[in-house]
Amino acid sequence: MSLTVRPVVGRRAKITALGTYVPPDVITNQDLEKMVDTSDQWITERVGIKTRHKLAAGLGVSDMCAEAAKKCLSARGMKPTDLEAIIVGTVTPDMMFPSTACLVQNKIGATNVWGFDVSGGCSGFIYALLAGINLVQSGAHSRVLICGADANTRMTDYTDRATCVLFGDGGGAVLLEPAADGEIGFIDSLNEIDGSGGVSLNLKGGGSLNPSTHETVDKKWHYIYQDGPAVYRFAVRKMAEATQKILERNGVAVADLGCFIPHQANKRIIESTAERLGMSPCRVIVNIEKYGNTSAGTIPLAMETAIEQGKLKKGDLVLLAAVGAGFTVGTVLLRWEI
Ligand SMILES: CC(C)(COP(=O)(O)OP(=O)(O)OC[C@H]1O[C@@H](n2cnc3c(N)ncnc32)[C@H](O)[C@@H]1OP(=O)(O)O)[C@@H](O)C(=O)NCCC(=O)NCCS
């Protein structure tokens with residue numbers, strides 16, 4: 001390996017704990033067969049999903065983040081009052097404002113923090129992570145909680161078979177702290193946004209352009225709109241391009257990676273990216289069959305799967321990658337230090 005770890009201005013940042021949360025209620029492919037004209041076979045073959053979780057009525061994304069945050073802090077033996085900042089990646093906040101970060105702060109009793117939300121679509125966790133990494137590396141803060149979660153079932157039209165089979169609810173949280181001597185933690189990131197892709201994946205209603213009215217509801221603008229094949233083409237191309245580029249510019253061969261943790265939108269997108277990278281499938285983390293696409297929630301949930309499967313260990317080089325609404329592209333290369 002010819003990894004050249006570029007020096008950072010300030011200090012290095014690393015992930016020191018992980019916590020995840022999925023709500024208990026499950027929607028199976030058989031449940032969906034009763035709602036729309038679809039089949040377990042089509043969903044399994046075209047997307048790779050068997051089940052997805054659904055947040056119970058009366059709860060919001062902040063509740064899932066709070067649960068994940070508590071597990072994350074407990075894994076590190078820290079109290080909520082030890083935190084200095086909270087950043088939440090989500091596109092399904094409890095409400096337009098206050099931010100989910102404020103709601104999480106209040107729910108977990110983190111009385112010494114500031115924080116904010118990041119809207120990056122399915123790249124939301126990676127973008128929130130990068131914001132936190134910069135807070136730690138600059139020396140501004142030493143204990144930053146990053147949450148990535150979405151309650152996609154809230155925005156899903158269960159009469160539209162092309163979207164309703166894809167999405168689920170869930171997410172996770174990681175803690176960022178300064179790396180110790182000899183540790184590396186965060187290495188590099190490569191990101192991009194392309195707003196011309198906004199027409200292919202969006203939620204039009206409820207914002208300042210189209211505030212909610214009877215008309216916007218009649219037009220179903222409170223639901224996710226997606227041109228699936230257009231998103232698919234962009235995702236397959238960009239996941240491969242961005243992952244190859246970040247490995248190349250850091251002198252990391254695919255064989256040097258402990259594992260690859262991609263966003264979970266479609267098993268075929270993941271397989272195609274892995275194939276283009278030349279990566280053995282056994283080191284590619286896939287849990288889409290259980291959770292579906294939880295947008296900003298997929299990467300922390302996949303980190304947990306990687307740990308459970310013994311594929312993510314201290315000292316491993318890990319590549320995270322996502323493509324999402326915007327379009328957004330996010331990649332992070334890091335060394336796992338837990
Ligand atoms: C949505 C997606 C699964 C559709 O798969 P696809 O193979 O591209 O399928 P198409 O949209 O071309 O549709 C093929 C056929 O399957 C049908 N179909 C779509 N959804 C179906 C479903 N749930 N069950 C059965 N048939 C379905 C379509 O109506 C179409 O039928 P037709 O040929 O009679 O018109 C796929 O495009 C995708 O994964 N896109 C990216 C999604 C994504 O990543 N989103 C989040 C971004 S982070």
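Just so you know, these numbers come straight off a predicted model, no measurement behind them.

Cut-offs used in this document
Residues numbered from 1 in each chain as written. Predicted model: local features only at pLDDT ≥ 70, side-chain atom pairs only at ≥ 80, totals over all residues. Heavy atoms only, no water. Helix = DSSP H or I, 4+ residues; strand = E, 2+ residues; numbered from the N terminus. Rg over C-alpha atoms; globule rule 2.2 N^0.38 Å. Buried < 20%, exposed > 50% of the residue type's maximum accessible area, 1.4 Å probe, protein only. Contact = heavy atoms within 4.5 Å. Lys, Arg positive; Asp, Glu negative; His and termini not counted. Charge placed at Lys NZ, Arg CZ, Asp CG, Glu CD. Pairing = 2+ DSSP bridges. Axes fitted to C-alpha atoms, helices over the stretch in contact; angles between N-to-C directions. Salt bridge = Lys/Arg side-chain N within 4 Å of Asp/Glu carboxyl O. Near = heavy atom within 4 Å. Polar contact = N/O pair within 3.5 Å; in protein donor to acceptor, adjacent residues only side chain to side chain. Areas by Shrake-Rupley, 256 points an atom, 1.4 Å probe, with all protein chains shown as cover. Nonpolar A, V, L, I, M, F, W, Y, C, P; charged D, E, K, R; others polar. Core = buried A, V, L, I, M, F, W, Y, C linked by side-chain atoms within 4.5 Å. Expected span 1.5 Å × (residues − 1). Phe/Tyr/Trp six-rings, centres within 6.5 Å; stacked < 30°, edge-to-face > 60°. Lys NZ or Arg CZ within 6 Å of the ring centre and 35° of its normal.

Draft legend 1. Representation of the overall build of the protein chain in the model. Helices and strands together make up the secondary structure of the protein chain, namely 11 helices and 13 strands. By the compact-globule yardstick of 20 Å for 338 residues, the protein chain fits well, its C-alpha radius of gyration being 19 Å. Dimensions of the protein chain, computed from C-alpha atoms along their principal axes, come out at roughly 55 × 45 × 35 Å. In the protein chain, which comprises 338 residues, the share counted as buried stands at 54%. Restricting the contact set of the protein chain to residue pairs at least 6 apart, pairs at least 24 apart contribute 77%. Across the protein chain, the mean location of the 34 positive side-chain charges is 3 Å away from that of the 35 negative side-chain charges.

Draft legend 2. Main features of the sheet that holds strand E12 (residues 317–324). Pairing is mixed across the open sheet formed by 4 strands, whose spatial order is E8-E13-E12-E11. At either margin of the open sheet sits one strand with a lone partner, and together these are strand E8 (186–193) and strand E11 (257–262). Averaged over neighbouring strand pairs, the angle between their axes works out to 10 degrees when direction is ignored. Here 5 bridges tie E11 to E12, and the two strands are oriented parallel to one another. Bridging from a neighbouring strand, Leu257 pairs with Leu317 of E12.

Draft legend 3. Geometry of the pattern of salt bridges. Across all of its chains, the model carries 17 salt bridges by this definition. Glu192 is the partner of Lys238 in a salt bridge, and the nearest nitrogen-oxygen pair spans 3.0 Å. Linking Lys238 in helix H8 (residues 228–249) with Glu192 in strand E8, this pair joins segments that are 46 residues apart in sequence. Looking at Lys238, the relative accessible area reads 9%, which means it is buried. Classification of Glu192 as partly exposed rests on a relative accessible area of 32%. Here Arg237 makes a salt bridge to Glu241, at a shortest N to O gap of 3.6 Å.

Draft legend 4. Expanded view of the site of the ligand. Taken together, 24 residues are adjacent to the ligand, and Thr38, Arg46, Arg161, Gln226 and Asn266 come closest. In this structure, a nitrogen atom belonging to the ligand sits 3.4 Å away from a side-chain N or O atom of Trp42. Expressed as a share of its isolated accessible area of 960 Å², the protein-covered part of the ligand is 72%. Secondary structure elements with two or more residues in the shell around the ligand: helix H2 (40–46), helix H6 (161–164), H8, helix H9 (267–277) and E12. The biggest single contributor to the shell around the ligand is H8, with 4 residues. Among the residues making up the shell around the ligand, the classes are represented as 13 nonpolar, 7 polar and 4 charged.

Draft legend 5. Examining the nonpolar core more closely. Counting 42 residues, the largest nonpolar core has Leu247, Leu257, Phe260, Met279, Leu319 and Leu333 as its most contacted members. Counting only elements with at least two residues in this core, the list comes to E8, H8, E11, H9, E12 and strand E13 (328–335). For this core, the leading source of residues is H8, giving 8 residues. Of all hydrophobic cores here, the second largest spans 34 residues; its members include Ile126, Val144, Phe186 and Ala322.

Draft legend 6. Looking closely at helix H3 (residues 61–76). An ideal rise of 1.5 Å per residue puts 22 Å on 16 residues; H3 measures up with 23 Å between its terminal C-alpha atoms. Where H3 is concerned, the buried positions are Val61, Ser62, Asp63, Met64, Cys65, Ala66, Ala68, Ala69, Cys72 and Leu73. Where H3 is buried, its residues meet strand E1 (13–21), strand E4 (85–89), helix H4 (100–108), strand E6 (144–151) and strand E7 (169–178). Directly beyond the C-terminal end of H3, a positive phi value near 70 degrees is found at Gly77.

Draft legend 7. Quick look at the side chain of Thr328. Here Thr328 is to be found in strand E13. Residue Thr328 is classed as buried on the basis of its relative accessible area of 5%. Dropping the residues within four chain positions of it, Thr328 is found in contact with Gly120, Ser123, Tyr127, Glu192, Ile193, Ala322 and Val323.

Draft legend 8. Region of the structure containing the packing of aromatic side chains. According to the stated counting rule, one finds 2 aromatic pairs in the structure shown. Here Trp114 and Phe116 contribute two aromatic rings whose centre-to-centre distance is 5.4 Å and whose plane-to-plane angle is 45 degrees, an arrangement assigned as tilted. Given a relative accessible area of 44%, Trp114 falls into the partly exposed group. A relative accessible area of 27% places Phe116 in the partly exposed class. Plain terms: the ring middles of Phe234 and Phe327 are 4.2 Å apart, the flat faces sit at 20 degrees to each other, and that makes the pair stacked. Taken together, the residues span a long stretch of sequence, with Phe234 in helix H8 and Phe327 in the loop between E12 and E13 at a distance of 93 residues. Given the relative accessible area of 7%, Phe234 is considered buried. A relative accessible area of 6% means that Phe327 is categorised as buried. Stacked on the ring of Tyr225, the Lys or Arg Lys204 has its end atom at 4.4 Å from the ring centre.

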